[in-house]
Amino acid sequence: MPSYVVLLGPPGAGKGTQAELISEKLNLAHISSGDIFRENLKNQTELGKQAQGYMNRGELVPDDLTIEMIKDRLQRPDCKEGALLDGFPRTPAQAEALGKMLAEWNGKVECVPYISVPPKELVGRLSGRWTCKEQGHVYHETFNPPKVAGKCDIDGSELYQRDDDKAETVERRIKVYLEQTTPLIDYYRKQGVLAEVDGTLPIEQVTTLLLKAIEKG
Ligand code: ADP
Ligand code: ADP
């Protein structure tokens, strides 16, 4: 039976950072909805063109487009054993749709680690974030700097600052998260799969807590 883990948390909580560190250990494909959208944007696919305006404004891409994109991605061979979802679901409708599609495949959401970080810490995290052009690996100029400034430690590609990590867009994204995504905390708590992890701790400590929470779940 495939196994699915959903990382929940505000923009800047450390979902991408942690997913990169634990997906191999869990033997699960790391599926980041934001990375998939950015790849489509770069290649100017039809989906990328449809998503562009929403992403630039820091709003959510409509549910129907997002759900279809994830459903398609989760059916690829690398997700045969399941997936570690980063950035999806982000609305109650997406969570419902995920539950339905997994049930069709005899799977379910087994554990939802919620990486909690108070909003006041998020702006500093996002404005200091540097992302790798090739594969989306993330760094922070103060909290997790690359070995060589401007270059990814893992694949050597150039690092850039995302357009939507600008202060105004960050404020909007946090607001959107509080309004549209926080209901998922209760939704998964009621299902008995939520595990809150303190995301203000150093990266390695968060990793340890996450792995413990997932083992238990
Ligand atoms: P998300 O995917 O949830 O938006 P990221 O993993 O991209 O978050 O992390 C946001 C920024 O915060 C990045 O610059 C990252 O290096 C940094 N970061 C991640 N985890 C921590 C942590 N535990 N403490 C300090 N900074 C962190
Ligand atoms: P963050 O690092 O802030 O968590 P992401 O990289 O996950 O951001 O997402 C970047 C943008 O991509 C979002 O602001 C949104 O426009 C779009 N996006 C990503 N995932 C979703 C989703 N599940 N539903 C709708 N839009 C999404």
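This write-up is about the structure you can find in this document. Every value quoted in this text rests on a predicted model; they were computed, and no experiment measured them.

**Description of the packing of aromatic side chains**
Phase 1 of the analysis: Under the definition given, this model contains one aromatic pair.
Phase 2 of the analysis: Aromatic side chains Tyr187 and Tyr188 sit 5.0 Å apart centroid to centroid with 85 degrees between the ring planes, which places their arrangement in the edge-to-face category.
Phase 3 of the analysis: Tyr188 sits in the buried class, given a relative accessible area of 1%.

**Details of the nonpolar core**
Phase 1 of the analysis: Within the largest apolar cluster, 34 residues are counted, with the highest numbers of intra-cluster contacts made by Ile31, Leu74, Leu98, Val112 and Tyr188.
Phase 2 of the analysis: Counting 21 residues, the second-largest nonpolar core is a separate cluster that includes Leu7, Leu122, Ala195 and Val206.

**What about the site of ligand 1?**
Phase 1 of the analysis: Contacts to ligand 1 come from 19 residues, most closely from Lys15, Thr17, Arg129, Tyr139 and Leu201.
Phase 2 of the analysis: The backbone of Tyr139 places a nitrogen or oxygen atom 2.8 Å from an oxygen atom of ligand 1.
Phase 3 of the analysis: Within the backbone of Leu201, a nitrogen or oxygen atom sits 2.8 Å from a nitrogen atom of ligand 1.
Phase 4 of the analysis: Its free accessible area being 560 Å², ligand 1 has 93% of it covered by the protein chains.
Phase 5 of the analysis: Elements with a minimum of two residues in the shell around ligand 1: helix H1 (15–26) and strand S6 (138–140).
Phase 6 of the analysis: Class assignment for the residues of the shell around ligand 1 results in nine nonpolar, seven polar and three charged.

**Details of the sheet that holds strand S1 (residues 3–7)**
Phase 1 of the analysis: Sheet architecture is open: five strands sit in the order S2-S3-S1-S4-S8, paired in parallel fashion. Bordering the open sheet on either side are strand S2 (29–32) and strand S8 (194–198), each of which pairs with just one other strand. This sheet shows a mean twist of 20 degrees between the axes of neighbouring strands, independent of strand direction.
Phase 2 of the analysis: In terms of strand pairing, S1 meets strand S3 (residues 82–86) through five bridges, oriented parallel. Its bridge partner being in S3, Val6 is matched across the sheet by Leu85.
Phase 3 of the analysis: Of the strands in this sheet, S2 and S3 touch helix H2 (residues 33–42), which is tilted by about 65 degrees from S2.
Phase 4 of the analysis: Contacts between helix H5 (residues 92–104) and the sheet are confined to S1, S3 and strand S4 (108–116), with S4 contributing the most and set at about 145 degrees to the helix.

**Some points on the site of ligand 2**
Phase 1 of the analysis: The environment of ligand 2 is formed by 19 residues, the closest being Ser33, Arg38, Glu59, Gly87 and Arg173.
Phase 2 of the analysis: Residue Arg129 places a side-chain N or O atom 3.1 Å away from an oxygen atom belonging to ligand 2.
Phase 3 of the analysis: When ligand 2 sits alone it has 550 Å² of accessible area, and the protein chains cover 96% of it.
Phase 4 of the analysis: In terms of residues, the shell around ligand 2 owes the most to one element, H2, which gives four residues.
Phase 5 of the analysis: Its residues assigned to classes, the shell around ligand 2 comprises six nonpolar, five polar and eight charged.

**Overview of the sheet that holds S6**
Phase 1 of the analysis: As summarised here, the arrangement of the three strands in space is S6-S5-S7, forming an open sheet in which the pairing is antiparallel. Here the strands that pair on one side only, and so sit at the sheet edges, are S6 and strand S7 (159–160).
Phase 2 of the analysis: Relative to S7, strand S5 (residues 129–132) is paired through two bridges, and the arrangement is antiparallel. Across the sheet, the residue bridging to Cys132 is Leu159, located in S7.

Definitions and limits used
- Residues numbered from 1 in each chain as written.
- Chains lettered and ligands numbered in written order.
- Predicted model: local features only at pLDDT ≥ 70, side-chain atom pairs only at ≥ 80, totals over all residues.
- Heavy atoms only, no water.
- Phe/Tyr/Trp six-rings, centres within 6.5 Å; stacked < 30°, edge-to-face > 60°.
- Buried < 20%, exposed > 50% of the residue type's maximum accessible area, 1.4 Å probe, protein only.
- Core = buried A, V, L, I, M, F, W, Y, C linked by side-chain atoms within 4.5 Å.
- Near = heavy atom within 4 Å.
- Polar contact = N/O pair within 3.5 Å; in protein donor to acceptor, adjacent residues only side chain to side chain.
- Areas by Shrake-Rupley, 256 points an atom, 1.4 Å probe, with all protein chains shown as cover.
- Helix = DSSP H or I, 4+ residues; strand = E, 2+ residues; numbered from the N terminus.
- Nonpolar A, V, L, I, M, F, W, Y, C, P; charged D, E, K, R; others polar.
- Pairing = 2+ DSSP bridges.
- Axes fitted to C-alpha atoms, helices over the stretch in contact; angles between N-to-C directions.
- Contact = heavy atoms within 4.5 Å.

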